[in-house]
Amino acid sequence: MAIYNEGKILEALKGMDPTKASRADGFPAMFYQQYWHIIGKDTCDFCLDILNNRNSLDEIKMTYLVLIPKTANPTNLKNYRPISLCTVIYKIIAKTVANRLQNILNGCIDEAQNAFVPGRIISDNVLLAYDRVEWYFIRGIMANMGLEDGFTNFILHCLNSVKYSILINGEVGSNFRSSRGLRQGDLLSPYLFLFCGEGLSTLMRLASQEMRILGAKVCTSAPPITHLMFADDCILFGEVSNRGISLLKEILEVCEACSGQCVNFEKSTAFFNSNVGVQDKNLVFQILKVRCSTNPEKYLGLPNLVGRNKKLAFQNLKDRLKQKINSWSLRHISQGGREVFIKSILQAIPSYTMACFLLPKALCSELENIMGSFLWRKKYGKRGMH
């Protein structure tokens, strides 16, 4: 609850993307960053009045909703993703609060969640999705974390005071208010979403402490893992028995009832190890109502399972390199351009996988050969000077 100052406002502004979509006023963050020496004092005074004196957000709370297609040929609203276009002034205020909130996340958020928390990376968590959030649930989670009431009330005010209008083909619709949910485009939303995930994480952790969920172990001496979460992606581990499956369903139902978040079963999949029989697989399908898979799907861009057949597991990595190369025409890229392409694009593709797995030397040599062949060859199917 410390007083905000001009330095915190400027720090937030510098941390914003300069060319994110602007609202109706047409001023992106770049405008404020470039002309801060002219408009900085007035901007700071306005933001600090809201942050320190809790002045009204009425002048900056209007938000446009734009539907972005998620598929090439959308046929219904499920194929669209709503993006919120907030005013830059509001984003500066939200970013300032988010920066302060970020400093305490490591002590509030369970280690099973790795998105947006400083010091944690995506490779730490190497199928569930949630669509909506109840505001009273966020307030309850923040209260149980020990956050000060005034701080919590201000964040809730940023959520429930917003007016929306839908922007379609450049035409602005009528204003309306929301009764729940987080805005995609609000800089506070990623951190508030972590609080929502903490509800499910807490239920799983308590069930493990009470020995109702056994979880999975990497090896005999390793601690059991009951769940891994990254933003809205989640993996739950449990035993294939009527008791174990029913307990997972009970936890999900309790989380739904408290938070208002619904499990997206269309995106959820159950994967089993080789010891599970057909009858037990059908039991999971009947109770949880999820898709059953015989092959492990990818999680956060990596294979869920790397077994003895490592050649098959890492074949996708080589295919991705070749696909990226084939998408470019060699006739329009100079020798120097190819070198830049290799360093900036091709070498970055395996870096994420290499951060999670120790790649065999033979595979590394194959990747180098693919890049070398791209650098020196003249045309597809023809050898170059090397």
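Okay, so let's go over this structure. Since this is a predicted model, take the numbers as computed values, not measurements.

Procedures and definitions
- Residues numbered from 1 in each chain as written.
- Predicted model: local features only at pLDDT ≥ 70, side-chain atom pairs only at ≥ 80, totals over all residues.
- Heavy atoms only, no water.
- Bend = angle between axes of the 7 residues up to and from the residue.
- Helix = DSSP H or I, 4+ residues; strand = E, 2+ residues; numbered from the N terminus.
- Buried < 20%, exposed > 50% of the residue type's maximum accessible area, 1.4 Å probe, protein only.
- Contact = heavy atoms within 4.5 Å.
- Salt bridge = Lys/Arg side-chain N within 4 Å of Asp/Glu carboxyl O.
- Arc of directions from axis to C-beta.
- Phe/Tyr/Trp six-rings, centres within 6.5 Å; stacked < 30°, edge-to-face > 60°.
- Lys NZ or Arg CZ within 6 Å of the ring centre and 35° of its normal.
- Axes fitted to C-alpha atoms, helices over the stretch in contact; angles between N-to-C directions.
- Parallel < 35°, antiparallel > 145°, perpendicular 65-115°, else oblique.
- Left-handed = near helix turned anticlockwise from the far one by under 90°.
- Nonpolar A, V, L, I, M, F, W, Y, C, P; charged D, E, K, R; others polar.
- Patch = residues over 30% accessible without salt bridge, like charges linked within 9 Å, V, L, I, M, F, W, Y side chains within 5 Å.
- Areas by Shrake-Rupley, 256 points an atom, 1.4 Å probe, with all protein chains shown as cover.
- Pairing = 2+ DSSP bridges.

This brings us to helix α3 (residues 36-53). The axis of α3 is deflected most strongly, by about 25°, at D42. Along α3, the residues classified as buried are W36, I39, G40, T43, C44, C47, L48, I50 and L51. As for α3, its buried residues are in contact with α1 (6-14), α2 (29-34), α4 (88-102) and α7 (149-160). At the C-terminal side of α3, R54 shows a positive phi close to 60°.

Our next topic: the side chain of S84. Here S84 lies in strand β2 (residues 80-85). Not counting the four nearest positions on each side in its chain, S84 is found in contact with T63, Y64, L65, Y164, R183, Q184 and G185.

Quick look at the pattern of salt bridges now. Within the structure shown, the criterion is met by 6 salt bridges. The shortest N-O distance in the salt bridge between D186 and R183 comes to 3.0 Å. D186 gets classed as buried once you look at its relative accessible area, which sits at 3%. Residue class for R183 comes out buried when judged on its relative accessible area of 4%. The partner of R212 in a salt bridge is E210, with the nearest N and O atoms 3.1 Å apart. Relative accessible area serves as the criterion here: at 51%, E210 is assigned to the exposed category.

The next thing to look at is helix α10 (residues 278-288). Every buried residue of α10 is listed here: V284, I287 and L288. Down the axis of α10, the buried set is contained in an arc of 80°. They therefore lie on one face. Away from its buried face by more than 90 degrees, α10 exposes V278, Q279 and Q286. Against the buried residues of α10 lie α9 (242-259) and β8 (269-271). Following α10 by one or two positions, K289 adopts a phi angle in the positive range, close to 60°.

The next subject is unusual backbone geometry. Where the residue is not glycine, phi is negative for most of them; where a peptide bond is considered, it is trans in most cases. Phi is positive for R54, close to 60°, though the residue is something other than glycine. Relative to the helices and strands, R54 is located in the loop between α3 and β1 (62-69). Although it is not a glycine, M211 sits at a positive phi angle of roughly 60°.

Scanning the model with the defined rule gives 4 aromatic pairs in all. Judged by centre distance (4.4 Å) and plane angle (35°), the ring pair of F27 and F31 falls under tilted. Judged by centre distance (5.6 Å) and plane angle (90°), the ring pair of F31 and Y32 falls under edge-to-face. Members of the aromatic cluster, joined through ring pairs, are F27, F31, Y32 and Y35. The ring centre of Y4 lies 3.8 Å from the NZ or CZ of R100, which sits over that ring.

What follows is about the packing of α9 against α10. Contact pair α9 / α10: the axes reach a minimum separation of 10 Å and the direction vectors enclose 25°. One finds that α9 runs roughly parallel with respect to α10. When you trace α9 past α10, the crossing you get is right-handed. Contact residues: α9 offers N242, I245, S246 and K249, while α10 offers L283, V284, I287 and L288. Grouping the amino acids of the contact of α9 with α10 by side-chain chemistry returns 5 nonpolar, 2 polar and 1 charged.

So, about a nonpolar patch on the surface. Judged by side-chain polarity, I166, I168 and F176 come together as a nonpolar surface patch covering roughly 240 Å² of accessible area. For I168, a relative accessible area of 47% gives the class partly exposed.

Glancing now at the pairing of β1. As paired strands, β1 and strand β3 (residues 163-168) are joined by 4 bridges and run parallel to one another. Note on β3: the bridge partner recorded for M62 is K163. Looking at chain direction, β1 and β2 are connected through 6 bridges and run antiparallel. Counterpart to Y64 in the pairing with β2 is L85.

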